[in-house]
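Structure at a glance
Take a look at the letters that make up each chain.
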Amino acid sequence: MKHARYFTGKAPIKFLAILVGAFFLILAAFTVSAQPTSEAQFRVKNENAFNINLIQFKRIEYVGPCAGTVFSPDSQSARFVSSKTPPGPNRRVMIKNVTDGMETNPYPYTDRGYNKGEFSEDFGFKLGNSHKTRTFSVLEGENKFLYEIKENDQVIEQGALTAEVSIQNLGTFPRQQICQDKVECRDTSDCRDSKGKKRSCRRECFPVQQCRCP
């Protein structure tokens, strides 16, 4: 009679363990490589703290005599920094917003000093789709930027980064005009304004109501 063969299963289990271990090593390597690699970032002031690559606004819709949309704040103060190339003498940074939907001639951009301290000069992010001279235009959602750091007009670093622009809707509210009674003049008789203050007039006095939206 032939002896029966018994398999303990140790070899297949060992092979399976090696296979599983290799799978997790590959997964870990992919996860590391998938992380953002940009050395550059925006530090956006948010009350008493700073957000990294996050620009936040609030939106209010008004109805009534002064209907319209208001964003708060009007602009968000921010600074740029690269961990690869810190600020140094004779350095500037040019940042361009190349997000789809932006006007392209030119793309919105900002050119800031990058020569002292830990960050660039301040600039203000503001909602818009074209280049502005006082603020840096951004759109709601993910925004894509290209940047160049120059030293004495020579490019020493260039790259890309993204930032998220979020808008929180606060609701819809009525808004009335603000009106103020004033006194105008039509002749040289004595005139007094709504507070009783005497005014020198060349013409007749008559009340006028002036209104404006807040």
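Residues numbered from 1 in each chain as written. Predicted model: local features only at pLDDT ≥ 70, side-chain atom pairs only at ≥ 80, totals over all residues. Heavy atoms only, no water.

Phe42, Phe80, Ile95, Phe125 and Phe145 are the most contacted members of the largest nonpolar core, which totals 23 residues. Contributing elements (two or more residues each) for this core: strand E1 (40-46), strand E3 (54-63), strand E5 (76-82), strand E6 (91-97), strand E8 (123-127), strand E9 (136-138), strand E10 (141-151) and strand E11 (154-174). Counting residues per element, this core draws most heavily on E11, at 4 residues. With sequence-adjacent residues up to four places away left out, Phe125 is seen in contact with Phe42, Val44, Ile55, Phe57, Asp74, Ser75, Gln76, Ala78, Phe136, Val138 and Phe145. (Core = buried A, V, L, I, M, F, W, Y, C linked by side-chain atoms within 4.5 Å. Buried < 20%, exposed > 50% of the residue type's maximum accessible area, 1.4 Å probe, protein only. Helix = DSSP H or I, 4+ residues; strand = E, 2+ residues; numbered from the N terminus. Contact = heavy atoms within 4.5 Å.)

With that out of the way, let us pick up the pairing of E5. The element E5 is extensively covered by neighbouring structure, given that 5 of its 7 residues are classed as buried. The pairing of E1 with E5 spans 5 bridges and is antiparallel. Note that in E5 the partner of Ala40 across the bridge is Ser82. Where E5 lies against E8, 3 bridges are found, and the strand directions are antiparallel. Paired with Ala78 across the strands is Phe123, a residue of E8. (Pairing = 2+ DSSP bridges.)

A sheet is described by the order of its strands in space; here 6 strands give the open sequence E4-E3-E11-E10-E6-E7, paired in mixed fashion. Looking along the sheet, the strands with just one partner apiece sit at the ends: strand E4 (68-72) and strand E7 (109-113). Between one strand axis and the next, the sheet turns by 25 degrees as a mean value, whatever way the strands run. Pairing analysis gives 5 bridges linking E6 to E7, with the strands arranged antiparallel. Looking at E7, one finds that Met94 is bridged to Asp111. (Axes fitted to C-alpha atoms, helices over the stretch in contact; angles between N-to-C directions.)

Before going further, it helps to examine unusual backbone geometry. If a residue is not glycine, its phi is most likely negative; likewise, a peptide bond is most likely trans. The linkage connecting Ser72 with the following residue, Pro73, adopts the cis geometry, with an omega of -10 degrees. With respect to the helices, strands and loops of the structure, Pro73 is situated in the loop between E4 and E5. Omega for the peptide link from Asn105 to Pro106 comes to 0 degrees, which places this bond in the cis form. Positive phi values are uncommon outside glycine, yet Asn90 reaches one of about 60 degrees. Position of Asn90 among the secondary structure elements: in the loop between E5 and E6. Within the chain, Asn152 stands out as a residue other than glycine whose phi angle is a positive 55 degrees. With respect to the secondary-structure elements, Asn152 resides in the loop between E10 and E11. The class for Asn152 is exposed, based on a relative accessible area of 54%.

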